[in-house]
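Tertiary structure, described
Below are the chains, spelled out letter by letter.
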Amino acid sequence: MQPFSFATTAQILCESGSAVRLAELCRERGAQRVLLVTDPGITHFGLLDEVLPGFAAAGLTVAVYDRVQADPPEAIVLEAVALARTLDAELVVGFGGGSSMDVAKLVALLAHPECRQGLADIYGVGNARGRRLPLLQVPTTAGTGSEVTPIAIVTTGETTKMGVVSPLLLPDLALLDADLTLGLPAAVTAATGIDAMVHAIEAYTSKLKKNPLSDLLAREALRLLAGNLDTVVHNGRNREARQAMLLGACLAGQAFANAPVAAVHALAYPLGGHFHIPHGLSNALVLPHVLGFNAEVAAPLYAELAPLVLGSKLKPGSDAQLTEQLILELADFSARSGLPTRLREAGVPQDMLGKLASDAMLQQRLLVNNPREVSEAQALAIYQAAY
Ligand SMILES: NC(=O)c1ccc[n+]([C@@H]2O[C@H](COP(=O)([O-])OP(=O)(O)OC[C@H]3O[C@@H](n4cnc5c(N)ncnc54)[C@H](O)[C@@H]3O)[C@@H](O)[C@H]2O)c1
Ligand SMILES: [Fe+2]
């Protein structure tokens, strides 16, 4: 067996309704002053209304930073760090989608009293040093899995994103409470759910670090996600299905945290960078075309995943035929969820495809994990196929 290493969040609490106990969980960790990092949508939809009163009841001080934007820029991270320092925060809670959770990770690190590094010092893999504040994550989308990954993604320029990857960013607790996701709009539900499926698929075919634990998690994640996505898109208030999606996204996050994602994400990132297409939708737009490209070498693995996605709909066949059914079914998830399925429908101008392909080549951190090598010309052909 190939040697491997596996790390994840120490505690996962999977229970609908559990967010009302958040203050209690902070107090158990010895914190008096807490900074909760979120975005304006979360406060607007009242998702904190039943959570915040618990802090006063538990005798804790809580400040809410609710200015996180999707694909958070550096300035937002720095503003949240400054607030944490002013408050002398002893614990950080990320409460929201991947954007809020990613900012919370960086705040926990950079607002630690002993931290001597700035944001610019820690981009890349393994550059963060020292310690961080205790960090609890409460996802309100079933998507990124950021609650169990050692990664935070920041928008660094007009169109560029950079990642901080460090074991220090792995949170202490992931709290999975489906009640917070009951009102998630259908389009966000679909896009974030497909993002999570991509995490499971790319972990399963990850070239360098594929490992038996990630495989196990990816398979169960895909079963849960594919089995419940239609239900949550069309009946968002189904609590059972919402809890299954949160768990599925969390398991997929654990899988790809240890067997990293690849070309689907590498080709998706420039779409977010240039056109602010949400992360999940960017992935969904290129997904069938990247899998079609990879099939030449990855069909045996895709064939293993096909039954988990198609269930009883799967018709027996060769690896290539099973892969084809998998790809069609994944494309159909987007179509029947009402998401755009072509780049042209998502507002991408055709004359930008060359620029997208050259930008995708910059994502070597991800491309090295792809089962098949991707050249710039092949990336362009994939974007053209997706157009
Ligand atoms: N750290 C990682 O491992 C990792 C992995 C993949 C992506 N990411 C990053 O995560 C971000 C994307 O995260 P995301 O897809 O979760 O979206 P998001 O956090 O950007 O949120 C998208 C929108 O959904 C709204 N929303 C969230 N939960 C809601 C709810 N329960 N009800 C109503 N509205 C709600 C938010 O207000 C926001 O407007 C990107 O910045 C991406 O780069 C990180
Ligand atoms: Fe993703």
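Residues numbered from 1 in each chain as written. Chains lettered and ligands numbered in written order. Predicted model: local features only at pLDDT ≥ 70, side-chain atom pairs only at ≥ 80, totals over all residues. Heavy atoms only, no water.

The next thing to look at is the domain arrangement of the protein chain. Taken domain by domain, the protein chain holds domain 1 (11-179) and domain 2 (185-386). Computed over C-alpha atoms, the centres of domain 1 and domain 2 are 26 Å apart. Each side of the interface is counted separately: domain 1 has 24 residues, and domain 2 has 22 residues. Taken over both partners, the interface formed by domain 1 and domain 2 buries close to 2000 Å², and the fraction arising from carbon and sulfur atoms is 65%. In terms of surface lost to domain 2, no three residues of domain 1 exceed Ala142, Thr159 and Ala178, which account for 24% of the buried area on that side. Between the two partners, domain 1 and domain 2, sit one salt bridge. Across the pair aspartate 179 and arginine 239 runs a salt bridge whose closest N-O atoms are separated by 2.6 Å. (Domains from an automatic or database assignment. Contact = heavy atoms within 4.5 Å. Buried area = accessible area lost by both parts, 1.4 Å probe. Salt bridge = Lys/Arg side-chain N within 4 Å of Asp/Glu carboxyl O.)

Time to look at a nonpolar patch on the surface. Together, Met1, Phe4, Leu213 and Leu216 make up an exposed nonpolar region whose accessible area comes to about 460 Å². For methionine 1, the location among the structural elements is in the segment before strand E1 (11-14). According to the relative accessible area criterion, methionine 1 is exposed, its value standing at 87%. (Patch = residues over 30% accessible without salt bridge, like charges linked within 9 Å, V, L, I, M, F, W, Y side chains within 5 Å. Areas by Shrake-Rupley, 256 points an atom, 1.4 Å probe, with all protein chains shown as cover. Helix = DSSP H or I, 4+ residues; strand = E, 2+ residues; numbered from the N terminus. Buried < 20%, exposed > 50% of the residue type's maximum accessible area, 1.4 Å probe, protein only.)

Before going further, it helps to examine the pairing of strand E2 (residues 33-37). Among the five residues in E2, four count as buried, and that is most of the element. The pairing of E2 with strand E3 (residues 61-65) spans five bridges and is parallel. Bridging across to E3, valine 37 finds its partner in tyrosine 65. Pairing between E2 and strand E4 (residues 91-96): four bridges, direction parallel. The residue of E4 that forms the bridge with valine 37 is glycine 94. (Pairing = 2+ DSSP bridges.)

On inspection of all chains with the given rule, the structure shows two cavities of 30 Å³ or more. Taken together, Ala142, Thr181, Leu184, Thr189, Thr192, Val232, Arg242, Met245 and Leu246 make up the full set of residues lining the largest cavity. Elements with a contribution of two residues or more to the lining of the largest cavity: helix H7 (186-204) and helix H9 (239-258). Ranked by residue count, the leading element in the lining of the largest cavity is H9, at three residues. In this model, the second largest cavity occupies a volume close to 40 Å³. Looking at the second largest cavity, the residues that line it are Asp71, Lys161, Ala268, Tyr269, Gly272, Ile277, His279 and Ser282. Looking at the lining of the second largest cavity, the elements with two or more residues in it are helix H10 (263-275) and helix H11 (279-310). For the lining of the second largest cavity, the element with the most residues is H10, which contributes three residues. (1 Å grid on protein atoms, 1.4 Å probe; cavity = no way out; pocket = protein on both sides within 12 Å on 5 of 7 lines; lining within 4 Å. Points joined across faces, edges and corners; volume = space filled by probe spheres on them.)

In this section: the packing of aromatic side chains. A ring pair, where both rings are aromatic, is described by two values, the distance of the centres and the angle of the planes. In this structure the tally under the stated criterion is zero aromatic pairs. Cation over ring: lysine 210 sits above tyrosine 204, and NZ or CZ is 3.7 Å from the ring centre. Sitting over the face of the ring of phenylalanine 333, arginine 336 holds its NZ or CZ atom 4.6 Å from the ring centroid. (Phe/Tyr/Trp six-rings, centres within 6.5 Å; stacked < 30°, edge-to-face > 60°. Lys NZ or Arg CZ within 6 Å of the ring centre and 35° of its normal.)

Under the 1.5 Å per step criterion, the end-to-end length of helix H5 (residues 98-110) is 18 Å for 13 residues, consistent within 8% with the ideal 18 Å. Extensive coverage of H5 is indicated by the burial of twelve of its 13 residues. (Expected span 1.5 Å × (residues − 1).)

Before going further, it helps to examine the site of ligand 1. Close to ligand 1 lie 28 residues; Asp39, Gly98, Ser99, Thr140 and Thr149 are nearest. The separation between a nitrogen atom of ligand 1 and a polar side-chain atom of serine 146 is 3.3 Å. Here threonine 149 contributes a side-chain N or O atom positioned 2.7 Å from an oxygen atom of ligand 1. The fraction of the free accessible surface of ligand 1 (870 Å²) that becomes covered by protein chains is 88%. When residues of the shell around ligand 1 are traced back to their parent elements, those giving at least two are helix H2 (40-44), H5, strand E7 (151-155) and H7. Examining the composition of the shell around ligand 1, we find that four residues originate from one element, H5, more than from any other. Tallied by class, residues from the shell around ligand 1 come to twelve nonpolar, eleven polar and five charged. (Near = heavy atom within 4 Å. Polar contact = N/O pair within 3.5 Å; in protein donor to acceptor, adjacent residues only side chain to side chain. Nonpolar A, V, L, I, M, F, W, Y, C, P; charged D, E, K, R; others polar.)

Moving on to the coordination of the iron ion (ligand 2). Asp195 (OD), His199 (NE2), His265 (NE2) and His279 (NE2) make up the full set of protein donors to the iron ion (ligand 2), lying at 2.1 to 2.2 Å. In terms of primary sequence, the donors binding the iron ion (ligand 2) are separated according to D-x3-H-x65-H-x13-H. With aspartate 195 in helix H7 and histidine 265 in helix H10, the pair connects residues that are 70 residues apart, well separated along the chain. (Donors = N, O, S within 2.8 Å, 3.2 Å for Na, K, Ca; no water.)

Enumeration over the complete set of coordinates arrives at 17 salt bridges. Of the charged contacts, one joins arginine 21 and glutamate 15 as a salt bridge, the two residues approaching to 3.3 Å between their closest N and O atoms. Among the residues examined, glutamate 15 registers a relative accessible area of 31% and is labelled partly exposed. Through salt bridges with shared partners, a single ionic network connects Asp230, Lys313, Glu329, Asp332 and Arg336.

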